[in-house]
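Descriptive analysis of the structure
So the chains spell out like this:
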2 protein chains.
Amino acid sequence: MTELINKAKRAKTASQKLNQCTTKQKNDALHCISQALQNQASFIIGENLKDLELGKANGLNESLLDRLMLNETRIKAMATALEQLIALKDPTGQVLESWQRPNELTINKVSVPLGVIGMIYEARPNVTVDAASLCLKTGNAVMLRGSSSAHHSNCALLKVIHDGLKQSALPVDAVQLIEDTRRETAQAMFQLKDYLDVLIPRGGKQLIQTVVEQANVPVLETGAGNCHVYIDETADPELAISITINAKTQRPSVCNAIETVLIHEKWAKHQVEHLINTLIDHGVELRADHMIRALDVRLQPATEEDWETEYLDHILALKQVANVEEAVEHINQYGTKHSEAIISETKAHVDYFYQNVDAAAVYHNASTRFTDGFEFGFGAEIGISTQKLHARGPMGLSALTTTKYLIAGTGQIRE
Amino acid sequence: MTELINKAKRAKTASQKLNQCTTKQKNDALHCISQALQNQASFIIGENLKDLELGKANGLNESLLDRLMLNETRIKAMATALEQLIALKDPTGQVLESWQRPNELTINKVSVPLGVIGMIYEARPNVTVDAASLCLKTGNAVMLRGSSSAHHSNCALLKVIHDGLKQSALPVDAVQLIEDTRRETAQAMFQLKDYLDVLIPRGGKQLIQTVVEQANVPVLETGAGNCHVYIDETADPELAISITINAKTQRPSVCNAIETVLIHEKWAKHQVEHLINTLIDHGVELRADHMIRALDVRLQPATEEDWETEYLDHILALKQVANVEEAVEHINQYGTKHSEAIISETKAHVDYFYQNVDAAAVYHNASTRFTDGFEFGFGAEIGISTQKLHARGPMGLSALTTTKYLIAGTGQIRE
């Protein structure tokens, strides 16, 4: 625990120095890190190999090993992402609002860094560079806590980041890695309210749940997406099918892919066969309620559990509904407030859906797959918030800032 | 616990109905509640008397009894506050940003209610009406959990609020009171993540700490204020003294009053006697570091504990510093990130203080007592946030809203 507290103290001190750095100094540092990554690619790959070998010995599956793996191309991609980050506008130091009170106090609301950010994440070592660079760009110090399976890779990347920082005006202590990967250390990190201003867990449902349950530091919750497409009575068939296929199959393993399609009974009667055949052609396993099964007996029955499940796979549940109200009710009961779409040509139904679905992103005639910082045009993404405080939906750089009121007086006192 | 879950479910259902209500319907409901309060003032006072008698029997002190007490004037003030709330702009349903992507998706960011808000508060029964009305104005349902010492008053106020709601288009279930005042019930409420979108504790440090430690629902933290005035070398003596007296004595029991004054050594040498005498004349008990005591032997010594203490009383700690850097360091170490002031005529020092003090509100040549929703011109106040996520400093109505992205497409799918 001594390591943890010492690093937290150093991160806090560094955050105070970082706060005095200019945008140019921060961008120069990102450039130094980008250069260091490219110069030390073979060192990184060598250390990453140790993790890969341990991973194989420990029986990690192919998909996890692939997520863990770093090669020239992936390191080059990290370096390029850093250069792209340099081009983005610095969200700190902006006067967001300014007004004068009748007593002539002038109040300025300005954007400032959050301070020290705690990042807890799973196997992907690229998150180490990604999280560190987003934090530095926004003037925040960061404490990183990766998984033990990426231990050598993360230590190597930290060394390279520090080498970059040493050539810059930024404090090296701005990026800290918790090398002790025991569970107790992570739990102690959740309680560092005196040093951390926010915790951002990036990873599976279980990790995020644990952080939310145990932390006394405020958490930016990201992740779970049980998303739906609702096909309304007046939905254009080609458009409905194209969007459903895209939202389910373009990348099933991500949070903005859909898990259930809700289908208006009249549309189902005439069009569902075509939808079902196209989905099966795309290798999707289907589970349906009894109404849809009455139209197509080939399908497996869906259970209550299916409505709740984020498959993250080529599996999709189908359910018939009587109207948009029933669709919205289902979504608000089972959804995770992430991304929801209506396919319809009836304005009143679209308006009802927009108004009543409780989700970060509500789409009309478009795929849910667009819920993404880059697709929204933010140029970067910290994660997709599924909570309602601070930031909702895709989070760009500004989600790593807070505000401060600077008040200029001439001796005002309160009567 | 059955009561708790049932009420939470009803609040959630009500919040969905509330979301469909217009600004006019919400304002009409506030007016109905205002009328009901005035019409049923004697009923409320009668029930309040029961709490006062129990309070006296249980040995509550005068100050707590006063906070608990409702009379004609106080009920009239609640009714008037409701009418003032009607006049404020509805912060929901606003298009905050709107842009089109190269693929012609149109993205609208709109403000929406948070959903269901949990309020946990101490003895003051006026918070029952205050919290309920702020939530209704912003389209939120609310679950209220007051203290057992105000049980009869809160039940009476809830009945009156419901009577008002019955005459309006809003669902009566939008305001729920947890009548079971056992500690276990409050703890269970902190865990209602499936029903509550945010918890707002209003009360003492202990209450807020407990909520932060135990809740899995996101918390809007308010409260603690260990605030400072720093008197710089070039501070105008009259102005420094007037602001210090105001910030300490105008209302010592509130969070934006100051607890420590940091004094530049050169200013101290010539002016501290005058400051000390004026503070003593205002009935302030002083505790000072050894440097200030060397200038005035009458003073009691200050200990480490004094720098950390929010006295909320006519007590003030004094400390000499060598420069603005030392003042900022002290504030960032001991402050609670609430309100901090510099008194100075040196622009570079003011800029340094503005930039480096980590607090919600940073003042130059003005009293810290202005950190308040009404003084900031918000027309209402939910509380003063001392955390950095979502809202910082005085929170007006917009702090009870979140956002939602409404995305209009014409069949866009992700490549």
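The rules behind these values
Residues numbered from 1 in each chain as written. Chains lettered and ligands numbered in written order. Predicted model: local features only at pLDDT ≥ 70, side-chain atom pairs only at ≥ 80, totals over all residues. Heavy atoms only, no water. Contact = heavy atoms within 4.5 Å. Buried area = accessible area lost by both parts, 1.4 Å probe. Salt bridge = Lys/Arg side-chain N within 4 Å of Asp/Glu carboxyl O. Polar contact = N/O pair within 3.5 Å; in protein donor to acceptor, adjacent residues only side chain to side chain. Least-squares fit on C-alpha atoms with pLDDT ≥ 70 in both. Helix = DSSP H or I, 4+ residues; strand = E, 2+ residues; numbered from the N terminus. Buried < 20%, exposed > 50% of the residue type's maximum accessible area, 1.4 Å probe, protein only. Axes fitted to C-alpha atoms, helices over the stretch in contact; angles between N-to-C directions. Parallel < 35°, antiparallel > 145°, perpendicular 65-115°, else oblique. Left-handed = near helix turned anticlockwise from the far one by under 90°. Nonpolar A, V, L, I, M, F, W, Y, C, P; charged D, E, K, R; others polar. Arc of directions from axis to C-beta. UniProt positions renumbered as here; feature names shortened; annotations may be inferred. Pairing = 2+ DSSP bridges. Right-handed = clockwise from strand over helix to strand, strands pointing away.

Some remarks on the interface of chain A and chain B
Taken together, the 74 residues of chain A in the interface contact 74 residues of chain B. Summing the contributions of chain A and of chain B, the shared interface buries around 6,100 Å²; its carbon and sulfur component is 48%. If you sort the residues of chain A by the area they bury against chain B, A:Leu389, A:Tyr405 and A:Arg414 come out on top, with a joint share of 14%. Joining chain A to chain B, the criterion identifies eight salt bridges. Measuring nitrogen to oxygen at the nearest pair gives 3.1 Å for the salt bridge that ties A:Glu221 to B:Lys193. Seen at the junction of chain A and chain B, the total is 55 residue pairs in polar contact (both at pLDDT 80 or more).

As for the relation of the copies chain A and chain B
Each copy of the sequence occupies a distinct position, and chain A is placed on chain B by a rotation of 180° and an axial shift of 0.0 Å, giving an RMSD of 0.0 Å. This pairing of chains is accounted for by a two-fold axis. It is A:His390 whose C-alpha, among those of chain A, lies nearest the rotation axis, at 1.7 Å. Interface overlap between copies: 100% of the residues of chain A at the interface are likewise at the interface in chain B, consistent with a symmetric, same-surface contact.

Quick notes on unusual backbone geometry
Here the phi dihedral of A:Leu312 falls at roughly 55°; this positive angle occurs in a residue that is not glycine. Note on placement: A:Leu312 falls in the loop between helix H13 (304-308) and strand E11 (315-321). Although it is not a glycine, B:His390 sits at a positive phi angle of roughly 75°. Tracing the backbone shows B:His390 in the loop between strand E14 (383-385) and strand E15 (393-395). With relative accessibility at 22%, the residue B:His390 sits in the partly exposed group.

Focus: the packing of helix H2 (residues 23-39) of chain B against helix H7 (residues 151-166) of chain B
Residue and element names in this part refer to chain B. Where H2 contacts H7, the axes come no closer than 7 Å and their chain directions differ by 130°. When the axes of H2 and H7 are compared, the pair comes out oblique. The interaxial crossing formed by H2 with H7 has right-handed handedness. Of H7, the residues touching H2 (which contributes Ala29, Cys32, Ile33, Ala36 and Leu37) are Leu157, Val160, Ile161, Gly164 and Leu165. Among the residues forming the contact of H2 with H7, the class breakdown is nine nonpolar, one polar and no charged.

A closer look at helix H9 (residues 205-214) of chain A
All names here are of chain A. Listed as buried for H9 are Leu207, Ile208, Val211 and Val212. With its buried residues spanning 130° around the axis, H9 presents them on a single face. H9 presents Lys205 and Gln206 as exposed residues on the side facing more than 90 degrees away from its buried surface. Buried residues in H9 make contact with strand E3 (116-121), helix H8 (183-190) and strand E6 (198-202).

Things to note about the UniProt feature "domain: Aldehyde dehydrogenase" (unreviewed entry) in chain A
The positions UniProt marks with the feature "domain: Aldehyde dehydrogenase" (unreviewed entry) are residues 8-278 of chain A. The distance from the first to the last C-alpha atom of residues 8-278 of chain A is 54 Å, and the span holds 52% helix and 17% strand.

Side note on the side chain of A:Asn48
All names here are of chain A. Looking at where Asn48 falls in the secondary structure, it is placed in helix H3 (residues 41-57). Since its relative accessible area comes to 1%, Asn48 is described here as buried. Among the polar contacts made by the side chain of Asn48, one reaches the main-chain amide nitrogen of Leu70 at a distance of 2.8 Å. Apart from residues lying up to four places away in sequence, Asn48 is in contact with Leu68, Met69, Leu70, Pro125 and Ser153.

Let's talk about the sheet that holds strand E1 (residues 95-100) of chain B
With mixed pairing, 10 strands are arranged side by side in an open sheet as E10(A)-E9(A)-E11(A)-E8(A)-E7(A)-E12(A)-E13(A)-E16(B)-E2(B)-E1(B). Single-partner strands in this sheet number two, and they are strand E10 (300-301) of chain A together with E1 of chain B. Inspection of the sheet shows strand E12 (residues 339-343) of chain A paired to strand E13 (residues 361-366) of chain A by four bridges, in the parallel sense. Within the sheet, the bridge partner assigned to A:Ser339 lies in E13(A) and is A:Ala361. Where helix H11 (residues 265-281) of chain A meets the sheet, it contacts strand E7 (227-231), strand E8 (258-264), strand E9 (285-288) and E11 of chain A, and its direction lies at approximately 145° from that of E8(A).

Focus on the pairing of E9(A)
All names here are of chain A. Burial along E9 is one-sided: Leu286 and Ala288 are buried, while Glu285 and Arg287, pointing the other way, are not. Of the pairings in the sheet, the one linking E9 to E11 comprises four bridges and is parallel in character. Each residue of the ladder has a partner; that of Arg287, found in E11, is Ala317. In the sheet, E9 pairs with E10 via two bridges, with the strands oriented parallel. Paired with Arg287 across the bridge in E10 is Gln300. Read as a crossover between parallel neighbours, the route from E9 over helix H12 (residues 290-295) to E10 is right-handed.

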